[in-house]
Amino acid sequence: MANVRWTIEEREMVLDGAAELLLRSTLTPLEALRAAQVHLHESRKRAFASHSAAGDLLKALKAHSANKVPKKKSIETPTPVESVPPAPPVDAPVMANTLDDLVNLIAKHIAQTFKSQIHTAIKELEHEFKMPRHDPTYAATGVHKPRVVVIGLLNDQVHAIAHEFSDNYSLKFIDTDRAMGMSPPDADAYLLMKNFINHPLYHKYQKFPNHVLIDGGMTTLRLWLHTKGKDL
């Protein structure tokens, strides 16, 4: 499953479905990518165990989500094209009205069918993965905040960074002792404060491709959040 390479059609289908899920549910982008694979054959599905496994797709999904709302509005409220033929037959208005009704009926049927399929897929995945139904970050802003775990800060430093960057990131702070004994939470980036962690803790997080060793203090951490963090 991890080595599956999607075709262009499969990739677009998953991205379109994930964008619809983000509009109609409280799923996170990574959860939406998993759910949108419901119509793929089992051998073509990808697990996406973490954000790092779907980095390019998550960026592409942001663009799809931004374009999805205007596309949906254009389908629900189609603008009829006015045409003035030089010599319209007597029954032309009747034919035009019938065609408009038929187009609207088909559009409503397609929308209802797709909505029903997405609802079913969400229910199945909620049961299988026991996913939460509420994402406060996404619900509050409508935009997914990058999840950043900072390891090794002291209490006063935690308050300062949280105050400065909580609008841009979903931050989680873990002290060195807790980080050694717990499983790493899901995150887009793990920031390890070099001056406050030990070698065993660094080796524990070194296996994650999205770990970052902050070689310095608060100034270096702020610089990373203002620059490199913008690319998450």
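Heads up: the structure comes first, above all this text.
It should be emphasised that the depicted structure is a prediction, and the values quoted were computed from it without experimental measurement.

Asker: What am I meant to see in the side chain of T176 here?
Answerer: Among the secondary structure elements, T176 is positioned in helix α7 (residues 176-181). Sequence-distant contacts of T176, that is, excluding residues within four places in its chain, are made with G152, F196, I197, N198 and L201.

Asker: What should I look at first to understand the pattern of salt bridges in this one?
Answerer: Where side chains of opposite charge bring their charged atoms close, a pairing between them can arise. Evaluated as defined, the whole model comprises seven salt bridges. A salt bridge links E12 to R11; the shortest N-O distance between them is 3.8 Å. When its relative accessible area of 31% is taken as the criterion, E12 is described as partly exposed. Judged by its relative accessible area of 31%, R11 falls in the partly exposed class.

Asker: Just to check I follow, could you spell out the packing of aromatic side chains for this structure?
Answerer: Scanning the model with the defined rule gives four aromatic pairs in all. Arranged with centres 6.4 Å apart and planes meeting at 55°, the rings of F165 and Y169 form a pair that is tilted. Exposure remark for F165: the relative accessible area of 2% places this residue in the buried category. Y169 sits in the buried class, given a relative accessible area of 3%. On the numbers, 5.9 Å between centres and 45° between planes, the contact of Y205 with F208 is tilted. Look at Y205 and you get buried, because its relative accessible area is 0%. Taken together, the ring pairs in this structure connect Y190, Y205 and F208 into an aromatic cluster. Over the aromatic face of W6 sits the side chain of R46, whose NZ or CZ is 4.8 Å from the ring centroid.

Asker: Honestly, a nonpolar patch on the surface in this entry has me stumped. Any pointers?
Answerer: Taken together, the side chains of L102, I106 and I110 present a nonpolar region at the surface, about 290 Å² in accessible area. Counting through the fold element by element, I110 comes out in helix α4 (residues 92-129). I110 gets classed as exposed once you look at its relative accessible area, which sits at 52%.

Asker: Teacher, can you tell me more about the nonpolar core here?
Answerer: Looking at soluble globular proteins, one finds that nonpolar side chains tend to be buried together. If you look at the biggest cluster of nonpolar residues, it comprises 22 residues, and the most contacted ones within it are W6, L21, L33, F48, A54, L57 and L61. At the level of secondary structure, the elements contributing two or more residues to this core comprise α1 (8-24), α2 (29-35) and α3 (55-76). Looking at which element gives the most residues to this core, the answer is α1, with six residues. With residues up to four places along the chain from it excluded, the contact list for L57 reads W6, R11, L15, L33, R46 and F48.

What counts and what doesn't
Residues numbered from 1 in each chain as written. Predicted model: local features only at pLDDT ≥ 70, side-chain atom pairs only at ≥ 80, totals over all residues. Heavy atoms only, no water. Helix = DSSP H or I, 4+ residues; strand = E, 2+ residues; numbered from the N terminus. Contact = heavy atoms within 4.5 Å. Salt bridge = Lys/Arg side-chain N within 4 Å of Asp/Glu carboxyl O. Buried < 20%, exposed > 50% of the residue type's maximum accessible area, 1.4 Å probe, protein only. Phe/Tyr/Trp six-rings, centres within 6.5 Å; stacked < 30°, edge-to-face > 60°. Lys NZ or Arg CZ within 6 Å of the ring centre and 35° of its normal. Patch = residues over 30% accessible without salt bridge, like charges linked within 9 Å, V, L, I, M, F, W, Y side chains within 5 Å. Areas by Shrake-Rupley, 256 points an atom, 1.4 Å probe, with all protein chains shown as cover. Core = buried A, V, L, I, M, F, W, Y, C linked by side-chain atoms within 4.5 Å.

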